[in-house]
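Chain residues, written in single-letter form:
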Amino acid sequence: MSISDNGNQTDVVVIGGGPAGSTVSALIAQQGSPVPLFDREPFPRFHPGESMIPETYWLLKRLGMLEKLKNSHFVKKYSVQFVSSNGKQSAPFYFRDNKPHECSQTWQVVRSEFDQMMLNNARECGVEAHEGVRVREVVFGDGRAVGVRIQRPDDSQQEIHAKVVVDASGQSGLLMHKLNLRVWDPILNKGAIWTYWQGAYRDTGQDEGATLVLQTGNKKGWFWYIPLHDNQVSVGVVAPFDYLFKRDGTHEQTYLEEVANCPAVAQRVSQGKRVTGYFATKDYSYRSTQVAGDRWVLVGDAFGFLDPLYSSGVLLALKSGQLAADAIVEGLQQGNLSASQLGKWGPAFNEGVDRMRRLVCEYYDGFSFGKFVKQYPHLKGTVTDLLIGDLFEDRVDSVWEPMESLYQNGKVPPPRWNSGTSPEVAENKVNELMLPEGYRP
């Protein structure tokens, strides 16, 4: 059923065709509800975030994506490994050691290709996906969302009425901006510069697709090292925003300085050739103060963004899309599209994100995976569970107290994600920053 066939009226409309939007729309369409989806960009389009973690398996299975990924040329990923500032490598964290199941193998993907596959899969589920169509605004009436106003490529506009509006618009955060819901993380204010190399060093066998996390020599940042197909490797540096971007020089100069600060990376890329320009982004972590309101829901980066250290982005996009879809379908069946119904999944989801955030903060506070496993070998499996993305069970909380015991300065857990920073203060703080040339949201 198309919008034009139904008098501009639909059950659910989705803004954004990335992994979160593709997930929520596909799962709702599978239940028989008409779902138009609008994305402002034609696909395929560039997007960072190539590495996935194993917990995505169950969501991809429900979406019908597993066989497509198994038949793809994406590099298989079995583990993650950490390299300290002095070049010492931890033992690899092999996911299958904890879960001897095919779910412990995941993929390193090129997001332009993966996102296209996800959007095509949503279409196969019955989603009416429109590319190159911009949602200008979410329309409200009597304090609740009642639809969206779209702008087509020929600049003509149309209002689509819907029972539920799902915002999966990514970091631009259409509703988050409109309703002033964004709260910036008071701690995780990082930035990133990255590029792609052809022929750089990569391990062999089961380690060929391992994600490496390498700390820089001055301990001010870290590199990701992600092997991709076609013999390419994504290599990026993450460090405090001010440190990366408030210095003289181009992105290239800054990047090469950081490579020199990390001999383990310098050695790996020395045998390769850079094949793209340099990309830059601010990785300011943030979350919305709400996951939903009356007849509207936020999913994926439109709800929140977490530091990319442990590659949790795609998992959180898929997970929020799944949880939101289930709440929407139930709400449609019950005739209850209130904030409490559509956002019933929010508290548990936030708790899972908080666990990953805490693991991120531990790393930035100097946590050493190698030292931890040596002192607490019985907890290696629990740490691996966190790295897999098993974030939504209380049992993994057994790692926090032992982690803190490694510090001799009485370290306390990091503040909660929204502590002390109102949306107004955070917005003013960000407006004062000089964003780097070529910044990509």
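These remarks concern the structure in this document. These numbers come from a predicted model, not from an experiment.

About the criteria used
- Residues numbered from 1 in each chain as written.
- Predicted model: local features only at pLDDT ≥ 70, side-chain atom pairs only at ≥ 80, totals over all residues.
- Heavy atoms only, no water.
- Helix = DSSP H or I, 4+ residues; strand = E, 2+ residues; numbered from the N terminus.
- Rg over C-alpha atoms; globule rule 2.2 N^0.38 Å.
- Areas by Shrake-Rupley, 256 points an atom, 1.4 Å probe, with all protein chains shown as cover.
- Lys, Arg positive; Asp, Glu negative; His and termini not counted.
- Charge placed at Lys NZ, Arg CZ, Asp CG, Glu CD.
- Phe/Tyr/Trp six-rings, centres within 6.5 Å; stacked < 30°, edge-to-face > 60°.
- Buried < 20%, exposed > 50% of the residue type's maximum accessible area, 1.4 Å probe, protein only.
- Lys NZ or Arg CZ within 6 Å of the ring centre and 35° of its normal.
- Core = buried A, V, L, I, M, F, W, Y, C linked by side-chain atoms within 4.5 Å.
- Contact = heavy atoms within 4.5 Å.
- Pairing = 2+ DSSP bridges.
- Salt bridge = Lys/Arg side-chain N within 4 Å of Asp/Glu carboxyl O.
- Polar contact = N/O pair within 3.5 Å; in protein donor to acceptor, adjacent residues only side chain to side chain.
- Patch = residues over 30% accessible without salt bridge, like charges linked within 9 Å, V, L, I, M, F, W, Y side chains within 5 Å.
- Axes fitted to C-alpha atoms, helices over the stretch in contact; angles between N-to-C directions.
- Parallel < 35°, antiparallel > 145°, perpendicular 65-115°, else oblique.
- Left-handed = near helix turned anticlockwise from the far one by under 90°.
- Nonpolar A, V, L, I, M, F, W, Y, C, P; charged D, E, K, R; others polar.
- Expected span 1.5 Å × (residues − 1).

**Focus: the overall build of the chain**
Right, so step 1: Across its full length, the chain carries 15 helices and 19 strands.
Right, so step 2: A compact globule built from 441 residues should have a C-alpha radius of gyration of about 22 Å, and the chain, at 22 Å, falls within 12% of that.
Right, so step 3: Dimensions of the chain, computed from C-alpha atoms along their principal axes, come out at roughly 65 × 50 × 45 Å.
Right, so step 4: Element-wise, carbon and sulfur atoms account for 47% of the exposed surface of the chain, whose accessible area totals about 18,000 Å².
Right, so step 5: In the chain, 46 positive and 51 negative side-chain charges are present, and the distance between their average locations comes to 3 Å.

**Concerning the packing of aromatic side chains**
Right, so step 1: If you walk through the whole model with that rule in mind, you get 25 aromatic pairs.
Right, so step 2: Measuring from ring centre to ring centre gives 6.0 Å for Phe82 and Phe93, while their planes differ by 85°; the resulting arrangement is edge-to-face. In this pair, Phe82 sits in strand β4 (residues 79-83) while Phe93 sits in strand β5 (residues 93-94), placing the two residues eleven residues apart along the sequence. As far as the burial class goes, Phe82 and Phe93 line up, both buried.
Right, so step 3: The ring of Tyr94 has Arg96 lying over it, and the distance from NZ or CZ to the ring centre is 6.0 Å.
Right, so step 4: Over the ring of Tyr364 we find Lys190, and its NZ or CZ is 4.0 Å from the ring centre.

**Considerations on the nonpolar core**
Right, so step 1: With 136 residues, the main nonpolar core has Phe114 and Tyr310 as its most contacted residues.
Right, so step 2: Of the residues forming this core, the biggest block, ten residues, is contributed by helix α9 (residues 313-334).
Right, so step 3: Dropping the residues within four chain positions of it, Tyr310 is found in contact with Ile53, Phe82, Met356, Leu359, Val360, Tyr363, Phe369 and Leu387.

**Concerning the pairing of β4**
Along a regular strand, successive side chains alternate from one face of the sheet to the other.
Right, so step 1: Of all the five residues making up β4, five are buried; the element is thus mostly covered by neighbouring parts of the structure.
Right, so step 2: Alternating positions in β4 separate into two faces, Ser79, Gln81 and Val83 on one and Val80 and Phe82 on the other, with burial throughout.
Right, so step 3: Looking at chain direction, β4 and β5 are connected through two bridges and run antiparallel. Paired with Ser79 across the strands is Tyr94, a residue of β5.

**Side note on the pattern of salt bridges**
Right, so step 1: Under the counting rule described, the total for this entry stands at 24 salt bridges.
Right, so step 2: Among the ionic pairs, Asp326 bridges to Arg62, the shortest N-O distance being 2.7 Å. Residue Asp326 is found in helix α9, and its partner Arg62 is found in helix α2 (residues 56-63); the two are separated by 264 residues along the sequence.
Right, so step 3: We classify Asp326 as partly exposed; its relative accessible area is 32%.
Right, so step 4: According to the relative accessible area criterion, Arg62 is partly exposed, its value standing at 35%.
Right, so step 5: A salt bridge links Asp354 to Arg287, with the nearest nitrogen and oxygen atoms 2.7 Å apart. Placement of the pair is Asp354 in helix α11 (residues 346-364) and Arg287 in strand β16 (residues 279-288), with a sequence separation of 67 residues. Residues Asp354 and Arg287 agree in their burial class; the two are buried.
Right, so step 6: One network of salt bridges, with partners in common, ties together Glu55, Lys99, Asp385, Asp390, Glu393 and Arg395.

**So, the side chain of Thr56**
Right, so step 1: In this structure, Thr56 sits in helix α2.
Right, so step 2: A distance of 2.8 Å separates a polar side-chain atom of Thr56 from the backbone oxygen of Ile53.
Right, so step 3: Excluding residues within four positions of it along the chain, Thr56 makes contact with Thr106, Val314, Leu315 and Leu318.

**Details of a positive patch on the surface**
Right, so step 1: Among the surface-exposed residues, Lys88, Lys219, Lys371 and Lys374 lie close enough to one another that they form a single positively charged patch.
Right, so step 2: Looking at the secondary structure, you find Lys371 in helix α12 (residues 369-375).

**Some thoughts on the side chain of Asn121**
Right, so step 1: Checked against the element boundaries, Asn121 lands in helix α4 (residues 111-124).
Right, so step 2: The buried category is assigned to Asn121, whose relative accessible area is 3%.
Right, so step 3: Those residues in contact with Asn121 that sit more than four places away from it in its chain are Leu63, Gly64, Met65 and Lys68.

**So, the environment of Glu41**
Right, so step 1: As for its placement among the helices and strands, Glu41 is situated in the loop between β2 (36-39) and α2.
Right, so step 2: In this structure, Glu41 is in contact with Glu131 and Gly132, ignoring residues within four places of it in sequence.

**A short note on the packing of helix α1 (residues 19-29) against α4**
Right, so step 1: Contact geometry for α1 and α4: axes closest at 9 Å, N-to-C directions at 15°. The angle between α1 and α4 falls in the class roughly parallel. Here α1 runs over α4; the crossing is left-handed. Residues Pro19, Ser22, Thr23, Ser25 and Ala26 of α1 lie in contact with α4, whose contacting residues are Arg111, Phe114, Asp115, Met118, Leu119 and Ala122.
Right, so step 2: For the contact of α1 with α4, the class distribution of residues is six nonpolar, three polar and two charged.

**Looking at α9**
Right, so step 1: With 22 residues, α9 extends 32 Å from end C-alpha to end C-alpha; this agrees with the ideal 32 Å at 1.5 Å per step.
Right, so step 2: Once α9 ends, the next one or two residues include Gly335, with phi positive near 70°.

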